[in-house]
Amino acid sequence: MAKAPRSFLLEQLRAQADAVATKRLQQLKLSRELVDRLDRRLHAVFQYFDEACKLLQVITPPVEREFVLGDFARYEGLAFERGNVMFRKQRLQERDVYDYVVVYYNLTGPAPPPFRVGARHAPEVEHALNSANIEFRSETSPSNPGGTASHIIRIAPGRIVVTLRNVDRFEPVILDFQPETLETRALDDLVNLMLGKPSQFLLRAPLRGFGR
């Protein structure tokens, strides 16, 4: 029986299929290496902050920063009270790896003095306080002889529960770090930022959505 003619098209397809399969194996290996590197880095971050929070709870250092909201709420004379670290893992490539690490900490100090605000502006001020997670009590003051009512707002004793999204101001700041740059010196800078000390942490990575 005569041998079938050689198909150059099939040979080309076999070569292309072999090349694609080899490339996929290489990509899978690189993907696993990247996941391993990220997982090790986040595990080191968790261990660092777990120890840092325990040490800071013993020392209870002062925080060299004021937190100001508008012209009606000013927290000063704060100190580190306590902190804790949590993490979440996700299933990836048939194993559990770190998804994220979150640091929470409390600062405690004297309550800002009560202040008076006109009834017309009270809802705006109360909304700002609620948005910043600041506990307060609002009391309606009797109308003065001119007939204008006002509110007296008393802010609860100074305890600001802060995540790493609200470290140096009452708004989120999200930085995009490359895994290899989030090393011990960067974490030292972050702790200094938490304590209101000179820190380069916010300059170590670009803001999300912006380049260098």
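Whatever comes next refers back to the structure up there.
Structural notes, computed from the coordinates.

Reading the values: the criteria
Residues numbered from 1 in each chain as written. Predicted model: local features only at pLDDT ≥ 70, side-chain atom pairs only at ≥ 80, totals over all residues. Heavy atoms only, no water. Helix = DSSP H or I, 4+ residues; strand = E, 2+ residues; numbered from the N terminus. Contact = heavy atoms within 4.5 Å. Areas by Shrake-Rupley, 256 points an atom, 1.4 Å probe, with all protein chains shown as cover. Buried < 20%, exposed > 50% of the residue type's maximum accessible area, 1.4 Å probe, protein only. Pairing = 2+ DSSP bridges. Axes fitted to C-alpha atoms, helices over the stretch in contact; angles between N-to-C directions. Salt bridge = Lys/Arg side-chain N within 4 Å of Asp/Glu carboxyl O. Patch = residues over 30% accessible without salt bridge, like charges linked within 9 Å, V, L, I, M, F, W, Y side chains within 5 Å. Core = buried A, V, L, I, M, F, W, Y, C linked by side-chain atoms within 4.5 Å. Lys, Arg positive; Asp, Glu negative; His and termini not counted. Phe/Tyr/Trp six-rings, centres within 6.5 Å; stacked < 30°, edge-to-face > 60°. Arc of directions from axis to C-beta.

Take the overall build of the protein next. The secondary structure content of the protein amounts to three helices and eight strands. Contacts in the protein between residues at least 24 apart in sequence constitute 66% of all its contacts with a sequence separation of at least 6. Of the roughly 14400 Å² that the protein leaves accessible, carbon and sulfur atoms contribute 54%.

The next thing to look at is helix H3 (residues 184-194). Every buried residue of H3 is listed here: Ala186, Leu187, Asp189, Leu190, Val191, Leu193 and Met194. A positive backbone phi angle near 75° is found at Gly196, which sits one or two residues after H3.

What follows deals with the sheet that holds strand S5 (residues 115-118). As summarised here, the arrangement of the three strands in space is S5-S7-S6, forming an open sheet in which the pairing is antiparallel. In this open sheet, the two edge strands, each paired with only one partner strand, are S5 and strand S6 (136-141). Strand after strand, the sheet turns through a mean of 30° between neighbouring axes, direction not considered. Pairing geometry for S5 and strand S7 (residues 150-155), over four bridges, is antiparallel. Each residue of the ladder has a partner; that of Val117, found in S7, is His151. In the packing of helix H2 (residues 122-131) onto the sheet, contacts are made with S5, S6 and S7, and the angle to S7 comes to roughly 15°.

Close approach of charged atoms allows side chains of opposite charge to pair. According to the stated counting rule, one finds eight salt bridges in the structure shown. When the shortest N-O distance is used, the salt bridge between Glu81 and Arg82 registers 3.3 Å. Arg82 sits in the partly exposed class, given a relative accessible area of 42%. Because the salt bridges share partners, they merge into one network encompassing Arg137, Glu139 and Arg154.

Another point: a nonpolar patch on the surface. Residues Leu9, Leu10 and Leu13 make up a contiguous nonpolar surface patch of about 280 Å² in total accessible area. Mapped onto the secondary structure, Leu9 falls in helix H1 (residues 8-59). For Leu9, a relative accessible area of 55% gives the class exposed.

Note that Glu81 resides in strand S3 (residues 79-92). Overall, Glu81 belongs to the partly exposed group, its relative accessible area being 22%. A sequence separation of 28 residues divides Glu81 from Gly109, and the C-alpha atoms of the two residues are 9.2 Å apart.

This part covers the nonpolar core. Core analysis: the biggest nonpolar cluster contains 36 residues, and Phe49 and Leu129 have the highest contact counts within it. Examining the composition of this core, we find that six residues originate from one element, H1, more than from any other. Leave out the neighbours within four places in its chain, and Leu129 touches Leu69, Phe72, Ala73, Ile134, Phe136, Ile153 and Ile155.

On to the side chain of Glu126. Along the chain, Glu126 falls in helix H2. Of the side chains with opposite charge, Arg137 lies nearest to the buried Glu126, which makes no salt bridge, at 11 Å.

The tally for this structure, following the rule as stated, stands at five aromatic pairs. Joined through ring pairs, the aromatic side chains of Phe46, Phe87 and Tyr98 make up one cluster.

In this section: unusual backbone geometry. Phi angles above zero are rare outside glycine, and Thr60 is one such case at about 45°. With respect to the helices and strands, Thr60 occurs in the loop between H1 and strand S1 (67-69).

Among the residues of H2, those classed as buried are Ala122, Val125, Glu126 and Leu129. Projected onto a plane normal to the axis of H2, the buried residues spread over an arc of 95° and lie on a single side. Turned more than 90 degrees from where H2 packs its buried face, Pro123, Glu124, His127 and Ser131 sit exposed. The secondary structure elements touched by the buried residues of H2 are S1, strand S2 (73-75), S5, S6 and S7. After H2 finishes, the residue Asn133 shows a positive phi value of roughly 60°.

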